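Each chain, letter by letter, is given below.
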Amino acid sequence: MITNKYPSVKFQNNKDMKLNIAVLPGDGIGPEIIEQGMKAVKAVCKKYNHELTYKKGLVGACAIDAVGNPYPDETHELCMQSDAVFFGALGSPKYDNNPSAKVRPEQGLLAMRKKLGLFANIRPVTAFKSLINQSPLRAELIDGADFICIRELTGGLYFGRPQGRSEDGNTAYDTCIYSREEIERIVRLAFQYAMRRRKKVSVVDKANILATSRLWREVAKEISKEFPEVETEYLFVDNASMRLVQWPKSFDIIVTENMFGDILTDEASVITGSLGLLPSASVGLHTSLFEPIHGSWPQAAGKNIANPLATILSAALMFEYAFDLQKEGALIREAVAASMDAGYVTQDISQNNKSFGTQEVGDWIARYIDEKKI
């Protein structure tokens, strides 16, 4: 794991630290899962004698409803003034089901990534032993799978212009744009990660069809020469998508562009058995952001059934990446693994017809941290 390569990381003496966090619960189940994540954060800070300061901000549909902007200036200022951003989820049927809506919650997430300069999304994928039979894939295929997807976040189709529809509404268009600089920084980050793991990078593109992918491959080949110890392979995205479910243990570091990464990381969730188990970190030029990869699941909001583990694991990433507090992150992971071993989980990953609510799982993990001898 590397920590000293990120411009957004603020290093301090990691004893008795002051942690200043922007908390953005968002929409749907976001407030519930963030509440459980903060229970773990508070328990760890108490255990290790860190001073915790946090303030909540609006983002997404709730921000549109309140101020008409999915990423208000006040929220951006809060993020810029904080050492880390802890984010839940955004999205609402109110906007999903309205094709003519001018402002959408997802625009808030894109704006946040752009304004904070979050060019790299880091998504660890690990097969948990206690849940090995929860995956739709055969146990022998995924047992031991452990890799990281590094997705470029600020370029490609999601940000390319022009974008829109013709005057008659019958034609729509999106533009995919990447610069050499954007590709260099994300690919170099991937190789830096590989040097601290198993020294293998899989560059995923569609270079047989797309001009942007051909630039990706060209730049990746140049950067690979800086890391001769790293094995580099180049995969078309369709081949990579098959390999993820056929041979997931063959991957160590996957690096790819924005849309391909969005799709592949959701596909990778089948290895863990649930989207509710995948955390992520977004790093770049300013404050780093930590969030679960699943959506807002508005149908479950307020029902105490959402899986909080991805959010709690995102808190572990926050301690490690934003504050260089490795023991604190490891303790949270241990607590999550212990909850799964004990069967103290939500219904989506329960294996014995017995499950617990979102709050109960959060309380169990916080209690484990509190009672753990260190």
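As a reminder, the structure under discussion sits directly above these lines.
This is a predicted model, so every value here is computed, not measured.

Rules of the game
Residues numbered from 1 in each chain as written. Predicted model: local features only at pLDDT ≥ 70, side-chain atom pairs only at ≥ 80, totals over all residues. Heavy atoms only, no water. Salt bridge = Lys/Arg side-chain N within 4 Å of Asp/Glu carboxyl O. Helix = DSSP H or I, 4+ residues; strand = E, 2+ residues; numbered from the N terminus. Buried < 20%, exposed > 50% of the residue type's maximum accessible area, 1.4 Å probe, protein only. Axes fitted to C-alpha atoms, helices over the stretch in contact; angles between N-to-C directions. Parallel < 35°, antiparallel > 145°, perpendicular 65-115°, else oblique. Left-handed = near helix turned anticlockwise from the far one by under 90°. Contact = heavy atoms within 4.5 Å. Nonpolar A, V, L, I, M, F, W, Y, C, P; charged D, E, K, R; others polar. Expected span 1.5 Å × (residues − 1). Pairing = 2+ DSSP bridges. Right-handed = clockwise from strand over helix to strand, strands pointing away. Phe/Tyr/Trp six-rings, centres within 6.5 Å; stacked < 30°, edge-to-face > 60°. Lys NZ or Arg CZ within 6 Å of the ring centre and 35° of its normal.

1. Observations concerning the pattern of salt bridges
Inspection of every chain in the model, using the stated rule, returns 19 salt bridges. In this structure, the salt-bridge partner of Lys94 is Asp65, at a minimum N-O distance of 3.0 Å. Taken together, the positions of Lys94 in helix 4 (residues 93-96) and Asp65 in helix 2 (residues 61-67) put the pair 29 residues apart, joining distant regions of the chain. Judged by its relative accessible area of 52%, Lys94 falls in the exposed class. Look at the salt bridges and you will find they share partners, linking Asp146, Arg197, Arg198 and Asp252 into a network.

2. Overview of the packing of helix 1 (residues 30-48) against helix 11 (residues 309-323)
Orientation of helix 1 relative to helix 11, taken along the N-to-C sense of each, is 40°, at an axis distance of 8 Å. When the axis of helix 1 is compared with that of helix 11, the two are oblique. The two elements helix 1 and helix 11 meet at a crossing, and its hand is right-handed. Packed against helix 1, whose contacting residues are Ile33, Ile34, Gln36, Gly37, Ala40, Val41, Val44 and Cys45, the element helix 11 presents Thr311, Ile312, Ala315, Met318 and Phe319 at the interface. Along the lines of polarity and charge, the residues of the contact of helix 1 with helix 11 split into 10 nonpolar, three polar and no charged.

3. Side note on helix 13 (residues 358-371)
Here helix 13 is 14 residues long and its end C-alpha atoms lie 20 Å apart, about the 20 Å a rise of 1.5 Å per residue gives. Here helix 13 has its buried residues at Thr358, Val361, Gly362, Trp364, Ile365, Ala366 and Ile369. The inward-facing, buried residues of helix 13 contact helix 1, helix 11 and helix 12 (326-341).

4. Some details on the pairing of strand 1 (residues 18-26)
Judged by how many residues are buried, strand 1 sits mostly within the fold: seven of nine residues are covered. Summarising the sheet, strand 1 and strand 2 (residues 51-56) pair through six bridges and their orientation is parallel. Opposite Val23, over in strand 2, you have Lys56 as the bridge partner. In this view, the connection linking strand 1 to its parallel neighbour strand 2 by way of helix 1 has right-handed handedness. The pairing of strand 1 with strand 3 (residues 84-89) spans five bridges and is classified as parallel. What sits directly across from Ile21, in strand 3, is Ala84.

5. Considerations on the sheet that holds strand 10 (residues 253-256)
Taken together, 10 strands build an open sheet; the order of strands is 2-1-3-12-11-4-5-10-8-9 and the sheet is mixed. Among the strands making up the open sheet, the edge pair consists of strand 2 and strand 9 (231-236). Adjacent strand axes in the sheet meet at a mean angle of 25°, parallel and antiparallel pairs treated alike. Inspection of the sheet shows strand 5 (residues 146-152) paired to strand 10 by four bridges, in the parallel sense. When the bridges of strand 10 are listed, Ile148 appears paired with Ile253. Along the sheet, helix 11 contacts strand 1, strand 3, strand 4 (120-126), strand 11 (279-283) and strand 12 (289-292); its crossing angle with strand 12, the most-contacted strand, is approximately 160°.

6. Overview of the packing of aromatic side chains
Within the structure shown, the criterion is met by seven aromatic pairs. Arranged with centres 5.9 Å apart and planes meeting at 55°, the rings of Phe147 and Phe251 form a pair that is tilted. Here the residue Phe147 occupies a position in strand 5, and Phe251 occupies one in the loop between helix 9 (237-246) and strand 10, the gap between them amounting to 104 residues. Assigned by exposure class, Phe147 and Phe251 land together as buried. Across from the ring centre of Tyr234, 5.6 Å away, lies the NZ or CZ of Lys221, which sits over that ring.

All quantities given are derived from atomic positions and should not be read as evidence of function.
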